Each structure stands twice: as C-alpha cells, then as structure tokens.
Amino acid sequence: AQNGEKEGGPSILDGVPAALPALLRAQRLQGKAARVGFDWADAQGPLKKVEEEWAELQRAIAAEDAPALERELGDFLFAAVNLARKLRVDAEQAAQGAVGRFTARFHHIEAELRARGLSPEQVPLEELDRLWEEAKAREAGPSPA
C-alpha cells in the first residue's frame, strides 16, 4: 500500500475521518495506534524523532529538493503532533492558539501604523519587527515587581 492506503481488511486506524484538520487527524491516528501498543514510552522518544525529522528537513532545504522538502516538512509536523500528544497537549488547539496570537500581533502592527497614516508595506522590516515585539510584550502583561 502507498500514500496511506491500507492493504486490505479492517484497520485499527479506521474511523478517523479524512476530512478532519490534519493536526487533529494525525493526533487521533497516533492515539489509535498507541492503544494497541505502537507508542513511545514517554515524551523523550517523540522528542528525539522531532529532532531527527528537523535534521532531515534541513537536508532537504539545503538540497533544494522540492518533493523531499514537502515530505520532510510533513514528517516534521507529524512528529511534532506526536510529541504534543505525549505531552498531553492538543496539537490542533495549540496551533489554533498560535494562529490567534499571530493574528492579534499583526492587527496590533496594522493599528499602530494606521494611527500614523501608514500601512505595513510602507515601513521597513525592522519597524514591523519592533511593533511585533511590542505586541508580544503587551500579551505578557506587566512584569512582576
């Protein structure tokens, strides 16, 4: 079987809808495999796998190998989801949180620039970065005294 096709007969992995968001689907598939013992003992296994996949991704980038790049990036993300699962973090929720933080920070950049009569494309990257860091600092709130 290739490209995720099963070889025949029922599978432990059955019942996970293909239409789910990829991170959620990966976590559910990994969970099903874990229930029959196909799992790491603790988070150290998937942590090492993330590091291994990161190295493979870096090699694909250096080689400028587009097919390998997509495959290795996918493997890296899949390994990261497995690490999240072992850490009892919902990968989909964590990704949604990151998307929300990115959106809020970028909106801060736009609002600050709009107040000056500017737009993001009118200022250098250094100013965008400064405003990004300002938005991150605002998220953290005041530092403890």
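Right above here is the structure, for reference.
Position numbers for residues start from 1 in each chain and track the written sequence from start to end. Since the coordinates come from a predicted model, pLDDT governs what is reported: local features require at least 70, and pairs of side-chain atoms require 80 or more to be given and counted, while whole-chain, interface and lining totals use all residues. Computation of side-chain values: all heavy atoms of the structure, hydrogens and water removed.

Draft legend 1. Local environment of the side chain of Gln27. The helix and strand labels rest on DSSP assignments: H or I over at least four residues marks a helix, E over at least two residues marks a strand, and numbering proceeds from the N terminus. Along the chain, Gln27 turns up in helix H1 (residues 22–35). With relative accessibility at 16%, the residue Gln27 sits in the buried group. Contacts: residue pairs with any heavy atoms within 4.5 Å of one another. The residues touching Gln27, leaving out its near neighbours within four places in the chain, are Val81, Arg85, Val89, Asp90, Ala91 and Glu92. Each residue is assigned to one of three classes by its accessible area relative to the maximum for its type, calculated with a 1.4 Å probe on protein chains only: buried under 20%, partly exposed between the two thresholds, exposed over 50%.

Draft legend 2. A look at the environment of Asp65. Along the chain, the position of Asp65 falls in the loop between helix H2 (44–63) and helix H3 (66–86). Each C-alpha atom of the pair Asp65 and Gln30 lies 28 Å from the other, and the pair is 35 residues apart in sequence. In terms of polar contacts, Asp65 uses its side chain to reach the backbone amide nitrogen of Ala68, at 3.2 Å. A 3.5 Å cut-off defines polar contacts: any pair of N or O atoms within that distance qualifies, except that in protein one atom must be a possible hydrogen donor and the other a possible acceptor, and neighbouring residues in sequence count only when both atoms are side-chain atoms.

Draft legend 3. Representation of the packing of aromatic side chains within the structure. Only Phe, Tyr and Trp rings take part, Trp by its six-membered ring, and two of them pair if their centres are within 6.5 Å. Stacked means planes under 30 degrees apart, edge-to-face means over 60, and tilted covers everything else. Within the structure shown, the criterion is met by three aromatic pairs. With a centroid separation of 6.1 Å and an interplanar angle of 15°, the aromatic rings of Phe102 and Phe106 are classed as stacked. Residue Phe102 and its partner Phe106 are both found in helix H4 (residues 91–115); the two are separated by four residues, about one turn of the helix. By relative accessible area, Phe102 is classed as partly exposed at 47%. Plain terms: the ring middles of Phe102 and Trp132 are 5.4 Å apart, the flat faces sit at 50° to each other, and that makes the pair tilted. One end of the pair, Phe102, is in helix H4; the other, Trp132, is in helix H5 (residues 125–140), and 30 residues separate them in sequence. Ring pairs connect the aromatic residues Phe102, Phe106 and Trp132, which therefore count as one cluster.

Draft legend 4. Representation of H3 within the structure. Take the residue count of a helix, subtract one, and multiply by 1.5 Å to get its expected span. With 21 residues, H3 should reach 30 Å at 1.5 Å per residue; the first-to-last C-alpha distance of 30 Å fits that figure. Restricting attention to buried positions, one finds in H3 the residues Ala68, Glu72, Phe76, Ala79, Val81, Asn82, Leu83, Ala84, Arg85 and Lys86. As for H3, its buried residues are in contact with H1, H2 and H4. Where H3 starts, the residue carrying a side-chain oxygen 3.2 Å from the main-chain nitrogen of Ala68 turns out to be Asp65. Residue Arg88 follows H3 closely and has a positive phi angle near 60°.

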